[in-house]
Amino acid sequence: MHAWLCDNPVGVDALQWKETPDPVPQAGEVVVDIRAASLNFPDLLIIQNKYQFKPTPPFVPGAEFAGVVAALGLGVTHLRVGQAVACVSGTGGFGSQAAVQAALCVPLPEGMPWGDAAAWVMTYATSHHALVDRGQLRAGETVLVLGAAGGVGTAAIQIAKAVGARVIAAASSDEKCALCKTLGADAVINYRTENLRDALKAHTQGRGPDVVYDPVGGDLAEPALRAIAWRGRYLVVGFAAGPIPALPFNLALLKGASIVGVFWGEFAKREPAHNAAMLAALGQWYQEGKIRPVIDSALPFSDLKQAFARMAARDVKGKLVLVRDLAA
């Protein structure tokens, strides 16, 4: 097999496409012939040694991928050879094959294209866990989605609309705001040209959003928290902007607000039954057409470094997907 190997996590330039031994499944594992993989922001942080999960080099990055089960390890009974699955394993996705714990593989809904399959689990699971579980978002409430044109942002818009909430989508350009409108956002804010707090007051008649979904952090965090409604829930999803904000806790006191951490990976590990039920519900929503991954571009595996460059520049709407050329 071939894969992008990271021998030293100092950044994208350290990645090399190399031939490696074919994987053999251990007990509880399956080998997956990878058809497509998607890029997520943690993938970039991992190869820069900036993420909380630090795999031992050399490793193959790529947390999320989809493909066909090629071999079963001892004790695996719920999957079969030839079955189409999506996997979120932390690493291993940017190659032609991967050995992965069978428990981390999700059977795909009938007819799901490989690009959708590779871009589905992580963003929608993160956003559903954030909004529905941690945020307790209810029909009729208003949610502000920051970084709304990105992978988790576009998923958050769709999930919020599926539960009957009103969505205010905030993004960094008019083009990205237009995309959010096509996904069902009720109002949009270009935070490069508009004052976020003033715009939120205008869109909520001064009340503020009930829930803030924040995968961005940085300079947007404090004005979003200052604008939050009474008993609001501020969801800490990530820090795509780079800096981790230092929020004044008196704002939470004054608004009776909750600052809520969101870590889907740890939730899936600690509460596997609840996670499985959530993934089953998301699969049903996909089949009903309520959610659909937004694919910015589908690129060959050879373009991984260029894809990372676009992600680092925050020049992506939805998700970037790598698709294998099986003839290569």
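Position numbers for residues start from 1 in each chain and track the written sequence from start to end. Where totals are concerned, whole chains, interfaces and linings use all residues; where local detail is concerned, this predicted model gives features only for residues with pLDDT of at least 70, and gives and counts side-chain atom pairs only at 80 or more. Each side-chain value is derived from all of the structure's non-hydrogen atoms; neither hydrogens nor water enter the calculation.

A. Focus on the nonpolar core. If you look at the biggest cluster of nonpolar residues, it comprises 53 residues, and the most contacted ones within it are Leu131, Val143, Tyr213, Leu235 and Leu282. Per element, the largest residue contribution to this core is six residues, and it comes from helix α3 (residues 121-134). Residue contacts are counted whenever heavy atoms from the two residues lie within 4.5 Å of one another. Once residues lying within four places of it in the same chain are set aside, the contact partners of Tyr213 are Thr126, Ser127, Ala130, Leu131, Val143, Leu144, Val145, Leu146, Val152, Ala156, Leu235 and Val237. Nonpolar cores are built from buried Ala, Val, Leu, Ile, Met, Phe, Trp, Tyr and Cys residues. Side-chain atoms within 4.5 Å join them into one set. A 1.4 Å probe rolled over the protein chains alone gives each residue an accessible area, and that area as a share of the maximum for its type sets the label: buried under 20%, exposed over 50%, partly exposed in between. Every helix listed is a DSSP run of H or I at least four residues long, and every strand listed is a run of E at least two residues long, numbered separately from the N terminus.

B. The arrangement of the pairing of strand β14 (residues 295-300) in detail. Bridge analysis of β14 against strand β15 (residues 319-323) gives five bridges, and the strand direction is parallel. By the bridge assignment for β15, Leu299 is matched with Leu322. Two strands make a pair as long as DSSP finds a minimum of two bridges between them.

C. Spotlight on the environment of Ile295. Here Ile295 is to be found in strand β14. Note: C-alpha distance between Ile295 and Val316 (21 residues apart in sequence) is 9.2 Å. For Ile295, the residues in contact, after removing those within four places along its chain, are Gly115, Asp116, Ala119, Lys317, Lys319 and Val321.

D. Quick peek at the sheet that holds strand β10 (residues 187-190). Reading across the sheet, the six strands line up as β10-β9-β8-β11-β12-β13 and stay open at both edges, with parallel pairing between neighbours. The open sheet has two edge strands with one neighbour each: β10 and β13 (258-261). On average, adjacent strands in this sheet sit at an angle of 20° to one another, irrespective of strand direction. Bridging between strand β9 (residues 166-171) and β10 involves four bridges; their strand directions are parallel. Counted as the bridge partner of Ala171 is Asn190 from β10. Between N-to-C directions, angles span 0 to 180 degrees; the directions come from axes that are lines fitted to C-alpha atoms, helices contributing only their stretch in contact. Across the sheet, helix α6 (residues 196-203) is in contact with β8 (142-145), β9 and β10; its angle to β10 comes to roughly 165°.

E. Looking closely at the packing of α3 against helix α10 (residues 272-287). The geometry of α3 relative to α10 is characterised by a closest axis approach of 10 Å and an angle of 110° between their N-to-C directions. Considering their axes alone, α3 and α10 lie roughly perpendicular with respect to each other. Classified by chirality, the crossing of α10 by α3 is right-handed. Along its contact with α3, which presents Val121, Tyr124, Ala125, His128 and His129, the element α10 presents Met278, Leu279, Leu282 and Trp285. Residue classes follow a fixed rule: Ala, Val, Leu, Ile, Met, Phe, Trp, Tyr, Cys and Pro count as nonpolar, while Asp, Glu, Lys and Arg count as charged, and any other residue, Gly among them, counts as polar. Per-class residue counts for the contact of α3 with α10 are seven nonpolar, two polar and no charged. Should an angle lie under 35 degrees it is considered roughly parallel, over 145 roughly antiparallel, and from 65 to 115 roughly perpendicular; all remaining angles are considered oblique. It is the rotation of the near helix from the far one that decides the hand of a crossing: anticlockwise by less than a right angle makes it left-handed, clockwise makes it right-handed.

F. Spatial organisation of the side chain of Gln158. The residue Gln158 is located in helix α4 (residues 151-162) in this model. Think of a polar contact as two N or O atoms within 3.5 Å of one another; within protein, one of them needs to be a possible hydrogen donor and the other a possible acceptor, and neighboring residues in sequence only count if both atoms come from side chains. Engagement of the side chain of Gln158 in a polar contact is seen with the backbone oxygen of Thr154, the distance being 3.3 Å. One polar contact links the side chain of Gln158 to the main-chain amide nitrogen of Arg292, over a distance of 2.6 Å. With residues near it in sequence (within four places) discarded, Gln158 still touches Tyr124, Leu183, Lys290, Ile291, Arg292 and Val294.

G. Spotlight on the packing of α3 against α4. At a closest axis distance of 8 Å, the pairing of α3 and α4 adopts a crossing angle of 50°. Regarding the angle of α3 to α4, the classification is oblique. Helix-helix and strand crossings are classified by hand; for α3 and α4 the assignment is right-handed. Across the interface between the two elements, Thr123, Tyr124, Thr126, Ser127, His128, Leu131 and Val132 from α3 touch Gly151, Val152, Ala155, Ala156, Gln158, Ile159 and Ala160 from α4. When grouped by side-chain class, the residues that make up the contact of α3 with α4 number eight nonpolar, six polar and no charged.

H. The arrangement of the environment of Ala37 in detail. Note on placement: Ala37 falls in strand β3 (residues 29-38). In this structure Ala37 comes out as buried when scored by relative accessible area, which is 0%. Discounting chain neighbours no more than four positions away, the residues touching Ala37 are Glu64, Phe65, Gly93, Phe94, Ala118, Phe301, Leu320, Val321 and Leu322.

I. Here's a closer look at the side chain of Ser38. For Ser38, the location among the structural elements is in strand β3. With relative accessibility at 0%, the residue Ser38 sits in the buried group. A polar contact is formed between the side chain of Ser38 and the side chain of Glu64, at a distance of 3.0 Å. Every residue in contact with Ser38, bar those within four places of it in the chain, is listed here: Asp43, Glu64, Phe94, Ala118, Ala119, Lys319, Leu320 and Val321.

J. A look at the pattern of salt bridges. Here a salt bridge means any side-chain nitrogen of Lys or Arg lying within 4 Å of a carboxyl oxygen belonging to Asp or Glu. Tallied over the entire structure, the rule returns 13 salt bridges. In this structure, the salt-bridge partner of Lys161 is Asp186, at a minimum N-O distance of 2.9 Å. One end of the pair, Lys161, is in helix α4; the other, Asp186, is in the loop between α5 (174-182) and β10, with 25 residues separating them in the sequence. Given the relative accessible area of 30%, Lys161 is considered partly exposed. For Asp186, a relative accessible area of 35% corresponds to the partly exposed category. One salt bridge connects Asp315 with Arg310, and the closest N-O pair in it is separated by 3.6 Å. Judged by relative accessible area, Asp315 falls into the partly exposed class, the value being 43%. According to the relative accessible area criterion, Arg310 is partly exposed, its value standing at 24%. Linked by salt bridges that have partners in common, Arg138, Glu141 and Arg233 make up one network.

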